[in-house]
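If you want the building blocks of each chain, they are given just below.
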Amino acid sequence: MRKIVIAGNWKMNMTPSEGSAFVEELKLKIKNIKSGCEIVVCVPDIDIAAISAALKDSGIKLGAQNAHWELKGAFTGETSVLGLKELGVEYVIIGHSERRQFFGEINRSVNQRVKTILEAGLKAIVCVGELLFERELGITTEIVSLQTKIALNGITAEQMDSVVIAYEPVWAIGTGKTATAEEADRVNGIIRGVVAELYTPQVAAATTIQYGGSMNAANAAELLAKPNVDGGLIGGASLKVSDFTAIIAAAQ
Ligand code: PGA
């Protein structure tokens, strides 16, 4: 009843020409896969126009990695959802831990961005997840609950159709350390419980909750087999067509 979404997060990798070549290869490779999942590539802003053209009629969705909360104005260096939408972007990652760690993203600005994205008619992939010291302190539940509640503040039940949540334990991102499938399932279940509390059990059951953090061709099947893991947000392994394709195939 809920969508399985496999999203690649290219981060600051691949130029427009490299990304276009990647997409051409990906389109060929996924032809033979019967995939019930939604496939998304979240690309650097400077690649968006080129990748949008390359993805035309492919069924693969285009995503961005951030967007400003204002539609326009004096915000040097920022990106508007209006421009993203015009170029064919459907998904925008918001609140990624790298934005939180390196670019001053806080829960409140995550919420502002999510609101603007949804009002523009785009979909948000909202990232939540605990730092290693927070896990060691035993406050993972508190952290992901707090992040989820603030990110969704003011978002209506109807708008939740356009929200994907990605549970990304920060200690697992780019480190090769994956949460066990059981642990990913458990925390995703906690997040689903928060959504049920904020809205209804029906809304929670219909919300796609991904896992992200060193998901790869070898561990994807086990993670994606868990009832609360509705897809993946994939960094490193989304940069190789063969690995990304294997993850898509594992999402059957
Ligand atoms: P990773 O990144 O798969 O390289 O760990 C995931 C992410 O940051 O979304």
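From a predicted model like this one, the values you see are computed outputs, not experimental measurements. (Residues numbered from 1 in each chain as written. Predicted model: local features only at pLDDT ≥ 70, side-chain atom pairs only at ≥ 80, totals over all residues. Heavy atoms only, no water.)

1. What to know about the overall build of the protein
A tally of helices and strands in the protein yields 11 helices and 8 strands. Here the C-alpha radius of gyration of the protein, 17 Å, is about what a compact globule of 252 residues would show, namely 18 Å. Per-residue burial over the protein gives 53% buried out of 252 residues. Counted over contacts in the protein with a minimum sequence separation of 6, partners at least 24 positions apart contribute 72%. A total accessible area of about 11200 Å² is found for the protein, and carbon and sulfur atoms account for 56% of it. Charged side chains of the protein number 24 positive and 28 negative; the gap between the two group centres comes to 3 Å. (Helix = DSSP H or I, 4+ residues; strand = E, 2+ residues; numbered from the N terminus. Rg over C-alpha atoms; globule rule 2.2 N^0.38 Å. Buried < 20%, exposed > 50% of the residue type's maximum accessible area, 1.4 Å probe, protein only. Contact = heavy atoms within 4.5 Å. Areas by Shrake-Rupley, 256 points an atom, 1.4 Å probe, with all protein chains shown as cover. Lys, Arg positive; Asp, Glu negative; His and termini not counted. Charge placed at Lys NZ, Arg CZ, Asp CG, Glu CD.)

2. What to know about the site of the ligand
For the ligand, the set of nearby residues contains 13 residues, the closest of which are K11, H96, E168, G174 and S214. Taking H96, its side chain carries an N or O atom lying 2.6 Å from an oxygen atom of the ligand. Relative to its free-state accessible area of 280 Å², the ligand is covered by the protein chains to the extent of 95%. The residue makeup of the shell around the ligand, split by class, is 4 nonpolar, 7 polar and 2 charged. (Near = heavy atom within 4 Å. Polar contact = N/O pair within 3.5 Å; in protein donor to acceptor, adjacent residues only side chain to side chain. Nonpolar A, V, L, I, M, F, W, Y, C, P; charged D, E, K, R; others polar.)

3. Considerations on the pattern of salt bridges
For the coordinates displayed, the defined rule picks out 15 salt bridges. When the shortest N-O distance is used, the salt bridge between K11 and E98 registers 2.8 Å. Of this pair, K11 sits in the loop between β1 (5-9) and α1 (16-30) while E98 sits in helix α4 (residues 97-102), and the two are 87 residues apart along the sequence. Here K149 ties to E197 by a salt bridge, and the two come within 3.4 Å at their closest N and O atoms. With a gap of 48 residues between them, K149 in helix α7 (residues 140-151) and E197 in helix α8 (residues 181-198) connect regions that are remote in the sequence. Each of the salt bridges in this network shares a partner with another, and the network as a whole consists of E130, R135, E183 and R186. (Salt bridge = Lys/Arg side-chain N within 4 Å of Asp/Glu carboxyl O.)

4. Description of the packing of aromatic side chains
Following the criterion strictly, the structure yields 3 aromatic pairs and no others. On the numbers, 5.2 Å between centres and 75 degrees between planes, the contact of W10 with F22 is edge-to-face. In this pair, W10 is assigned in the loop between β1 and α1 and F22 in helix α1, connecting sequence segments 12 residues apart. Here the two residues W10 and F22 agree in accessibility, since each one is buried. Here F102 and F103 contribute two aromatic rings whose centre-to-centre distance is 6.4 Å and whose plane-to-plane angle is 80 degrees, an arrangement assigned as edge-to-face. (Phe/Tyr/Trp six-rings, centres within 6.5 Å; stacked < 30°, edge-to-face > 60°.)

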